[in-house]
Structures are given as structure tokens and as C-alpha cells.
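# Remarks on the overall topology
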Amino acid sequence: MKTMIACCGLDCEQCDAYLATIHDDQALREKTAKHWAALNNAPILPEHINCQGCRIDGVKTVFCENLCRIRQCALQKNMPTCGSCPAMEQCPTVGQVFANNPAARNNLKG
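Basis of the calculations
Residues numbered from 1 in each chain as written. Predicted model: local features only at pLDDT ≥ 70, side-chain atom pairs only at ≥ 80, totals over all residues. Heavy atoms only, no water. Helix = DSSP H or I, 4+ residues; strand = E, 2+ residues; numbered from the N terminus. Rg over C-alpha atoms; globule rule 2.2 N^0.38 Å. Contact = heavy atoms within 4.5 Å. Areas by Shrake-Rupley, 256 points an atom, 1.4 Å probe, with all protein chains shown as cover. Lys, Arg positive; Asp, Glu negative; His and termini not counted. Charge placed at Lys NZ, Arg CZ, Asp CG, Glu CD. 1 Å grid on protein atoms, 1.4 Å probe; cavity = no way out; pocket = protein on both sides within 12 Å on 5 of 7 lines; lining within 4 Å. Points joined across faces, edges and corners; volume = space filled by probe spheres on them. Nonpolar A, V, L, I, M, F, W, Y, C, P; charged D, E, K, R; others polar.

In terms of regular secondary structure, the protein chain is built from six helices and zero strands. Listed N to C, the secondary structure of the protein chain is α-α-α-α-α-α in terms of helices and strands. In terms of overall dimensions, the protein chain is globule-like: its C-alpha atoms have a radius of gyration of 14 Å, near the 13 Å expected for 110 residues. Each principal axis of the C-alpha atoms in the protein chain carries an extent, and together these give about 40 × 25 × 25 Å. Taking all contacts inside the protein chain whose residues are at least 6 apart in sequence as the whole, residues at least 24 apart take part in 50%. In the form shown here, the protein chain has an accessible surface area of approximately 6800 Å², with 54% of it arising from carbon and sulfur atoms. Of note, the protein chain has its 11 positive side-chain charges centred 9 Å away from the centre of its 10 negative side-chain charges.

On to the layout of surface pockets. When its volume is computed, the largest pocket comes out at roughly 1100 Å³. Taken together, 33 residues line the largest pocket, and the ones lying closest to its centre are Leu-10, Trp-36, Thr-61, Phe-63 and Cys-64. Within the residue set of the lining of the largest pocket, elements represented by two or more residues are helix 2 (26-40), helix 3 (62-67), helix 4 (69-76) and helix 5 (92-100). The residue inventory of the lining of the largest pocket, partitioned by class, reads 21 nonpolar, nine polar and three charged. Estimates place the volume of the second largest pocket at around 150 Å³.

Relative to the assigned elements, Ile-70 resides in helix 4. Taking the C-alpha atoms as reference, Ile-70 lies 27 Å from Asp-25; in sequence the two are 45 residues apart. Other than its neighbours up to four places away in sequence, Ile-70 contacts Cys-7, Cys-8, Cys-82, Thr-93, Val-94 and Val-97.

Put into C-alpha cells, the structure is as follows:
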């Protein structure tokens with residue numbers, strides 16, 4: 001499995017926060033902050049849009065670092081991803097990700 005696959009199966013290399021970080025793209029940070037703030041009804045600013053990947057040492061968004069229940073669960077269980085968890089198929093938390101992005105399940109199985 002690629003190291004840039006997040007605990008939930010999403011591909012970090014496709015994430016706008018990751019892309020803005022690795023390309024130091026301020027316009028993408030601003031666009032992403034505006035979009036995510038509207039989606040989440042939260043005060044997300046361009047300076048919050050910095051992430052080097054869910055499973056990589058380095059900077060992460062506030063959500064990914066501190067609020068993502070999926071990442072916290074994987075860390076607590078000492079598992080690299082949900083794909084290592086025997087309860088993955090019955091898990092309602094990661095199931096929400098799969099419902100919105102079916103490729104995430106395939107990323108964890110591949």
C-alpha cells in the first residue's frame with residue numbers, strides 16, 4: 001500500500017491541503033480554506049491548510065492531527081490504516097468515508 005494512503009483509505013496525494021503544501025500554493029490554500037469553511041461551517045483560514053499526509057511525520061491540518069476520529073482510532077490500535085482492522089467492514093465511522101468515496105475501501109484492500 002502506498003504510504004500516502006490515509007488511515008481511512010483516502011489518497012493524500014489527491015487532497016488539496018497536501019497539494020497546496022507540497023507546491024507552496026497560496027492560491028490553492030485560500031480556495032481550499034474558503035471551500036472547507038463553507039462545508040464545515042467553521043473558521044478555516046488559509047494558514048490552516050498545510051498537510052504532508054495522514055501517516056507521514058510532519059505538519060497536518062488541525063482536523064487531521066487532532067479531530068479525525070478515524071486516525072485517532074488507528075493510532076490507539078497501533079494500526080497503520082483501517083485496512084488492518086478486523087472490524088473495518090462493520091465500522092460506521094470509516095463506513096461514512098466509503099459511502100462518499102468508494103475508492104477509499106479499495107485503497108485499503110490494495
